Amino acid sequence: MDWKLELVIVPVTDVDRAKKFYTDQLGFREDVDHRAGDSFRVVQLTPPGSSCSISIGTGLTKAAPGTYQGTHLVVNDIEAARADLVERGVEVGEPFHFTAEGQQTGVDPNRADYGTFLTFEDPDGNGWTVQEVRKTTPDRL
């Protein structure tokens, strides 16, 4: 039986501001923007090429805005991804990797899959990690 992660709820304070960030600056596709009164709104957004989406909104979660940290986006070229984010006006950190001495600035010298990262935050401080996976494997098409 397959168990597929389809949706992650991200807590935000201002739904419209967050929606603009995720669509305009990150390039996520808007799938749904539905309201049911003043106490419920769901906006579903999907990263380019992803089968997993995020939802932001009102009445979706008890989690405090800015408390989600480390949700990963996977790309096959972290330097191109960073350049795209910078061009879109996202404040994004420099690529980094880990060695026996700890976190080091720059891409992994071997460009190992799962070896290079960068981070950014949404307007509420929810922290995202971008991870480079360059090769295609049967379970990562």
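So, here's what we can say about the structure. From a predicted model like this one, the values you see are computed outputs, not experimental measurements.

## Things to note about the overall build of the protein
Along its length, the protein carries two helices and nine strands. Ordered by position from the N terminus, the helices and strands of the protein form the series β-α-β-β-β-β-α-β-β-β-β. Taken over C-alpha atoms, the radius of gyration comes to 16 Å for the protein, in line with the 14 Å a tight globule of 141 residues would show. Residues counted as buried form 35% of the 141 residues belonging to the protein. Restricting to contacts in the protein with at least 6 residues of sequence separation, those with at least 24 account for 52%. Surface summary for the protein: the accessible area is close to 8,500 Å², and the carbon and sulfur share equals 48%. Side chains of the protein carry 14 positive and 23 negative charges; the gap between the two charge centres is 4 Å.

## Side note on the pattern of salt bridges
Two side chains that carry opposite charge are able to pair once their charged atoms sit near each other. Applying the stated criterion across every chain yields a total of twelve salt bridges. For Asp-16, the salt bridge is made with Arg-41, and the minimal N-O distance between the two is 3.0 Å. Note that Asp-16 is positioned in helix α1 (residues 15-25) and Arg-41 in strand β3 (residues 41-46), a separation of 25 residues in sequence. Judged by relative accessible area, Arg-41 falls into the buried class, the value being 6%. Here Glu-30 makes a salt bridge to Lys-19, at a shortest N to O gap of 3.1 Å. Note that Glu-30 is positioned in strand β2 (residues 29-35) and Lys-19 in helix α1, a separation of eleven residues in sequence. Under the relative-accessibility criterion, Glu-30 is labelled partly exposed at 40%. Residues participating in the shared-partner salt-bridge network are Asp-16, Lys-19, Glu-30, Asp-33 and Arg-41.

Reading guide: rules and limits
- Residues numbered from 1 in each chain as written.
- Predicted model: local features only at pLDDT ≥ 70, side-chain atom pairs only at ≥ 80, totals over all residues.
- Heavy atoms only, no water.
- Helix = DSSP H or I, 4+ residues; strand = E, 2+ residues; numbered from the N terminus.
- Rg over C-alpha atoms; globule rule 2.2 N^0.38 Å.
- Buried < 20%, exposed > 50% of the residue type's maximum accessible area, 1.4 Å probe, protein only.
- Contact = heavy atoms within 4.5 Å.
- Areas by Shrake-Rupley, 256 points an atom, 1.4 Å probe, with all protein chains shown as cover.
- Lys, Arg positive; Asp, Glu negative; His and termini not counted.
- Charge placed at Lys NZ, Arg CZ, Asp CG, Glu CD.
- Salt bridge = Lys/Arg side-chain N within 4 Å of Asp/Glu carboxyl O.

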